[in-house]
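Examination of the molecular architecture
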Amino acid sequence: MSVDGAQLWTLNQRLLGVVMDACTGELAEAGLETKEFFVLAEVEASPYPAEIATALLLPKASVTVYVRNLVAKGFIRREIDDADLRRHRLVLTAEGTAARDRALAALAAEYDRRLARITPRDRTELRRILQEMLTPA
């Protein structure tokens, strides 16, 4: 039986969607909407809104809205970039770090519930496969 790459991609997207849907309540308890969570989780790796938009494949205007919401909630703050005083860099606050970590723990727990359905050997193989797929060609 042939395995189509588009089918695998679709299955992966569905799995991610199911996991996110299952965690919506916990995200809300942490004070986050789903896309706000993704932006919050990306701030340390990509401290500039344009970088976040690129990393998450989101329109810059949408990232601007999510950043405003996260600033208003006290989860991130804008700081002048010392290297370029015309730019603002985003920084997680202690509250933002706590909300991010709480949301990540909920996602990990839900994903672990899904992983429990497959054998430890298959989990190890899945990790190997995913790492191989992420290795630059």
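Refer to the structure above for everything that follows.
Below is a summary of the structure that appears in this document. Keep in mind the model is a prediction, meaning the values are calculated, not measured. (Residues numbered from 1 in each chain as written. Predicted model: local features only at pLDDT ≥ 70, side-chain atom pairs only at ≥ 80, totals over all residues. Heavy atoms only, no water.)

Along the backbone of the protein there are seven helices and two strands. Over its C-alpha atoms, taken along the principal directions, the protein stretches across nearly 55 × 35 × 25 Å. The 137 residues of the protein split such that 28% are buried. Taking the contacts inside the protein whose residues are at least 6 apart along the sequence as the reference set, 50% of them involve residues at least 24 apart. Surface exposure of the protein reaches about 9,300 Å², of which carbon and sulfur atoms provide 57%. In the protein, which carries 19 positive and 20 negative side-chain charges, the distance between the mean positions of the two groups comes to 2 Å. (Helix = DSSP H or I, 4+ residues; strand = E, 2+ residues; numbered from the N terminus. Buried < 20%, exposed > 50% of the residue type's maximum accessible area, 1.4 Å probe, protein only. Contact = heavy atoms within 4.5 Å. Areas by Shrake-Rupley, 256 points an atom, 1.4 Å probe, with all protein chains shown as cover. Lys, Arg positive; Asp, Glu negative; His and termini not counted. Charge placed at Lys NZ, Arg CZ, Asp CG, Glu CD.)

What follows covers the packing of aromatic side chains. To describe a pair of aromatic rings, one takes the distance between the centres and the angle between the planes. Following the criterion strictly, the structure yields one aromatic pair and no others. Note on phenylalanine 37 and phenylalanine 38: the rings are 5.3 Å apart at their centroids and 55° apart in plane angle, and the pair reads as tilted. Just above the ring of tyrosine 48 sits the side chain of arginine 87; from NZ or CZ to the centre is 3.7 Å. (Phe/Tyr/Trp six-rings, centres within 6.5 Å; stacked < 30°, edge-to-face > 60°. Lys NZ or Arg CZ within 6 Å of the ring centre and 35° of its normal.)

For the coordinates displayed, the defined rule picks out nine salt bridges. Here arginine 100 ties to glutamate 44 by a salt bridge, and the two come within 2.9 Å at their closest N and O atoms. Remark: glutamate 44 occurs in the loop between helix 3 (34-42) and helix 4 (49-56) and arginine 100 occurs in helix 6 (residues 94-115); sequence separation between them is 56 residues. A salt bridge links glutamate 110 to arginine 114; the shortest N-O distance between them is 3.3 Å. Placement of both glutamate 110 and arginine 114 in helix 6 is noted, with a separation of four residues, approximately one turn of the helix. A single network of salt bridges, built from pairs that share partners, joins Glu44, Arg100 and Asp101. (Salt bridge = Lys/Arg side-chain N within 4 Å of Asp/Glu carboxyl O.)

In this section: the nonpolar core. Core analysis: the largest hydrophobic core is formed by 24 residues, its most contacted members being Leu32, Phe37, Val39, Leu40, Leu70 and Ile76. Elements with a contribution of two residues or more to this core: helix 1 (5-22), helix 3, helix 4, helix 5 (60-72), strand 2 (84-92) and helix 6. Setting aside its immediate chain neighbours within four residues, leucine 40 contacts Leu32, Leu70, Phe75, Ile76, Leu92, Gly96, Ala99 and Arg100. (Core = buried A, V, L, I, M, F, W, Y, C linked by side-chain atoms within 4.5 Å.)

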